[in-house]
Amino acid sequence: QVQLVESGGGLVQAGGSLRLSCAASGRTTYAMGWFRQAPGKEREFVAALSWSGLSIYYADSVKGRFTISRDNVKNSVHLQMNSLKPEDTAVYYCAAGLTRVAPKTLPDVGSWGQGTQVTVSS
């Protein structure tokens with residue numbers, strides 16, 4: 001089992017940037033990813049990468065603006081979010097996959113963080 005703790009959310013104006021971090025403890029040999037959930041909407045995939053970091057995936061809505069990275073020495077994963085838009089407003093969740101394959105759907109996720117709020121004002 002792995003425990004995940006997110007940090008770095010907040011309020012930012014449209015066009016601004018935020019960097020989310022997720023610290024993992026316990027068993028950490030998993031692929032990692034980020035999902036988000038806006039009010040009244042289902043939780044959706046944002047970005048993910050394999051345990052090796054060689055396979056990286058992004059949702060079309062964030063491609064070119066967000067960058068996911070991981071540090072296997074520090075057991076952490078990060079999401080750099082640039083050119084933020086009001087539609088990026090959501091609670092962002094760190095996710096650990098069930099395997100070393102990048103988690104891109106909800107069934108792929110074995111553990112969730114508690115979530116961090118990101119609010120983008122227009």
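Conventions adopted
- Residues numbered from 1 in each chain as written.
- Predicted model: local features only at pLDDT ≥ 70, side-chain atom pairs only at ≥ 80, totals over all residues.
- Heavy atoms only, no water.
- Pairing = 2+ DSSP bridges.
- Helix = DSSP H or I, 4+ residues; strand = E, 2+ residues; numbered from the N terminus.
- Axes fitted to C-alpha atoms, helices over the stretch in contact; angles between N-to-C directions.
- Disulfide = S-S within 2.5 Å.
- Buried < 20%, exposed > 50% of the residue type's maximum accessible area, 1.4 Å probe, protein only.
- Contact = heavy atoms within 4.5 Å.
- Polar contact = N/O pair within 3.5 Å; in protein donor to acceptor, adjacent residues only side chain to side chain.
- Salt bridge = Lys/Arg side-chain N within 4 Å of Asp/Glu carboxyl O.

**Student:** Which residues make up the sheet that holds strand β7 (residues 66–71), and what values go with them?
**Tutor:** Sheet strands line up and pair through hydrogen bonds in the backbone, either parallel or antiparallel. The strand order β1-β3-β8-β7 describes an open sheet built from four strands, whose pairing is antiparallel. A strand with exactly one partner marks an edge of an open sheet, and here the two such strands are β1 (2–7) and β7. Sheet twist, expressed as the average angle between the axes of neighbouring strands with direction ignored, equals 15°. Where β1 meets strand β3 (residues 18–26), six bridges bridge the pair, whose relative direction is antiparallel. When the bridges of β3 are listed, V2 appears paired with G26.

**Student:** Break down the state of the cysteines for me, with residues and values.
**Tutor:** Counted by the stated rule, this structure contains one disulfide. Note that C22 is cross-linked by a disulfide to C94, the S-S spacing being 2.1 Å. The disulfide joining C22 to C94 has a torsion of about -85° about its S-S bond and is therefore left-handed. You can see C22 sitting in strand β3 and its partner C94 sitting in strand β9 (residues 90–97), a full 72 residues away along the chain. Judged on exposure class, the residue C22 and its partner C94 are both buried.

**Student:** Break down the environment of R65 for me, with residues and values.
**Tutor:** On the secondary structure map, R65 appears in the loop between β6 (56–58) and β7. Through-space distance from the C-alpha of R65 to that of V120 is 14 Å; in sequence the pair is 55 residues apart. In this view, R65 contacts Q80, M81, N82, S83, L84, K85 and D88; residues no more than four positions away in its chain are not counted. Separated by 2.8 Å, the side chain of R65 and the backbone oxygen of S61 make a polar contact. Reaching out from R65, the side chain makes a polar contact with the side chain of D88 at a distance of 2.8 Å.

**Student:** Before we move on, can you summarise the pattern of salt bridges with the specific residues and values?
**Tutor:** For the structure shown, the criterion picks out four salt bridges. Of the charged contacts in the structure, one is a salt bridge between E44 and R36, with a shortest N-O distance of 2.7 Å. Residue R36 is classed as buried on the basis of its relative accessible area of 6%. Where R65 meets D88, a salt bridge forms, and the shortest distance between an N and an O atom there is 2.8 Å. Placement of the pair is R65 in the loop between β6 and β7 and D88 in the loop between β8 (76–81) and β9, with a sequence separation of 23 residues. Considered together, R65 and D88 belong to a single accessibility category, that of buried residues. When salt bridges with common partners are traced through the structure, they connect R36, E44, R65 and D88 into a single cluster.

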